[in-house]
Amino acid sequence: MLKEIIRVNGKDGLHARPAAEFVQLCKRLKSDVKLEKNGTVVPGKSIIGIMSLGIAKGEDVTIIVEGGDEGEALNVIMELLNKE
Amino acid sequence: MLNILGKKAEKLIIYKPVKGKVIDLSEVPDAVFSERLMGDGAAIEPEGNEVAAPCDGKVLLVPKTLHAIALEAENGVELLIHIGIDTVELGGQGFTCHVNAGDPVRRGDKLISFDREAIGREGKALTTPIVITNAEEKNIEIVKLGTDNSDVLMELAVKG
């Protein structure tokens, strides 16, 4: 299992489009992805779960990745969330 | 009773949360919806100024900006109602929410009121997409869409 804290840089945080893109990405990965903010953990495949975290620009979120391709999975997730 | 192989699809009727013309999602001027990135569904060109619960269920989420609401129907179907296009940019202005996350709702309960004039003044369209956000997971299919004058927005078959 890999865990990494990352700052979300998109202008609307993890809202609508970026959240939807994140979910699409998680569905393609073999690894299981979870997101955590302030102790609340949600599945990476749940758009409502992600939106319920209300992650704004500049906020930190913890990515938890577990599975066969977890190293590579974490890299592509970081790339997506670092995008401005 | 465990009968996975022979499980019959459950039917779920999603009523219109607000009266109005039914629009195909592909015609909504926001790619997140028209490309069905958020999920499949339909949109409405609202005639009124109040969004009501389209089915019985529970409120899952109301964003701080009050321009959308997510509900869970009794059989686990998740719906997102998004009032207007790019209305997240209004920061809540023009919207009044009458429920909180976790509240149980019955079909027809008032969820969010919106000020058509105030939103229009900001140059935002009121087109309201209603999408199913867990269709793959629950194996949900849209069987048919409602017509402009009916109360029904869509009929779903839930096979999950």
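Everything below is about the structure printed above this text.
What this report covers is the structure whose coordinates are included nearby. Bear in mind that the values here come from a model prediction, so they are computed numbers and not experimental data.

Conventions and cut-offs
Residues numbered from 1 in each chain as written. Chains lettered and ligands numbered in written order. Predicted model: local features only at pLDDT ≥ 70, side-chain atom pairs only at ≥ 80, totals over all residues. Heavy atoms only, no water. Helix = DSSP H or I, 4+ residues; strand = E, 2+ residues; numbered from the N terminus. Buried < 20%, exposed > 50% of the residue type's maximum accessible area, 1.4 Å probe, protein only. Contact = heavy atoms within 4.5 Å. Areas by Shrake-Rupley, 256 points an atom, 1.4 Å probe, with all protein chains shown as cover. Lys, Arg positive; Asp, Glu negative; His and termini not counted. Charge placed at Lys NZ, Arg CZ, Asp CG, Glu CD. Buried area = accessible area lost by both parts, 1.4 Å probe. Salt bridge = Lys/Arg side-chain N within 4 Å of Asp/Glu carboxyl O. Polar contact = N/O pair within 3.5 Å; in protein donor to acceptor, adjacent residues only side chain to side chain. Pairing = 2+ DSSP bridges. Core = buried A, V, L, I, M, F, W, Y, C linked by side-chain atoms within 4.5 Å.

Comments concerning the overall build of chain B
Okay, step 1: Scanning chain B for helices and strands turns up three helices and 13 strands.
Okay, step 2: Reported as C-alpha extents along the three principal axes, the dimensions of chain B are approximately 55 × 30 × 25 Å.
Okay, step 3: Looking at chain B as a whole, 50% of its 160 residues qualify as buried.
Okay, step 4: Of all intrachain contacts in chain B linking residues separated by at least 6 positions in sequence, the fraction that spans at least 24 positions is 67%.
Okay, step 5: When the accessible area of chain B is evaluated, it comes to approximately 7900 Å², of which 45% is carbon and sulfur surface.
Okay, step 6: For chain B, the distance from the average site of its 18 positive side-chain charges to the average site of its 26 negative ones is 5 Å.

Re the interface of chain A and chain B
Okay, step 1: The partner chain B presents 14 residues to the ten residues of chain A that form the contact.
Okay, step 2: Summing both sides of the interface, chain A and chain B together bury roughly 1200 Å²; the carbon and sulfur share of this comes to 68%.
Okay, step 3: For the chain A face of the interface with chain B, the top three residues by lost area are His15, Arg17 and Ile48 of chain A, together amounting to 42%.
Okay, step 4: The interface formed by chain A and chain B contains two salt bridges.
Okay, step 5: Linking glutamate 136 of chain B and lysine 27 of chain A is a salt bridge whose minimum nitrogen-to-oxygen distance equals 3.6 Å.
Okay, step 6: For the pair chain A and chain B, the number of links is one residue pair in polar contact (both at pLDDT 80 or more).
Okay, step 7: Of all the secondary structure elements, the ones that give two or more residues to the side of chain A that touches chain B are α1 (16–28) and α2 (47–53) of chain A.
Okay, step 8: The biggest single contributor to the side of chain A that touches chain B is α1 of chain A, with five residues.

As for the sheet that holds strand β6 (residues 68–73) of chain B
All names here are of chain B.
Okay, step 1: Here we have seven strands laid out as an open sheet, ordered β2-β3-β11-β7-β6-β5-β9, and antiparallel in their pairing. A strand with exactly one partner marks an edge of an open sheet, and here the two such strands are β2 (20–23) and β9 (104–105).
Okay, step 2: Two elements, β6 and strand β7 (residues 78–82), share five bridges in a ladder whose sense is antiparallel. Bridge pairing links alanine 68 to histidine 82 in β7.

A closer look at the nonpolar core
Okay, step 1: Phe22, Leu35, Ile63 and Ile77 of chain A together with Met38 of chain B are the most contacted members of the largest nonpolar core, which has 42 residues in total.
Okay, step 2: Of all the secondary-structure elements, those providing two or more residues to this core are α1, β2 (32–37), α2, β4 (60–66) and α3 (70–82) of chain A together with α1 (31–34) and β6 of chain B.
Okay, step 3: The element that contributes the greatest number of residues to this core is α1 of chain A, accounting for seven residues.
Okay, step 4: Residues contacting phenylalanine 22 of chain A, with those up to four places away along its chain left out, are Val33, Leu35, Gly44, Ile50, Ile77, Leu80 and Leu81 of chain A.
Okay, step 5: Counting 33 residues, the second largest nonpolar core, distinct from the first, contains Ile69, Leu71, Leu111 and Met154 of chain B.

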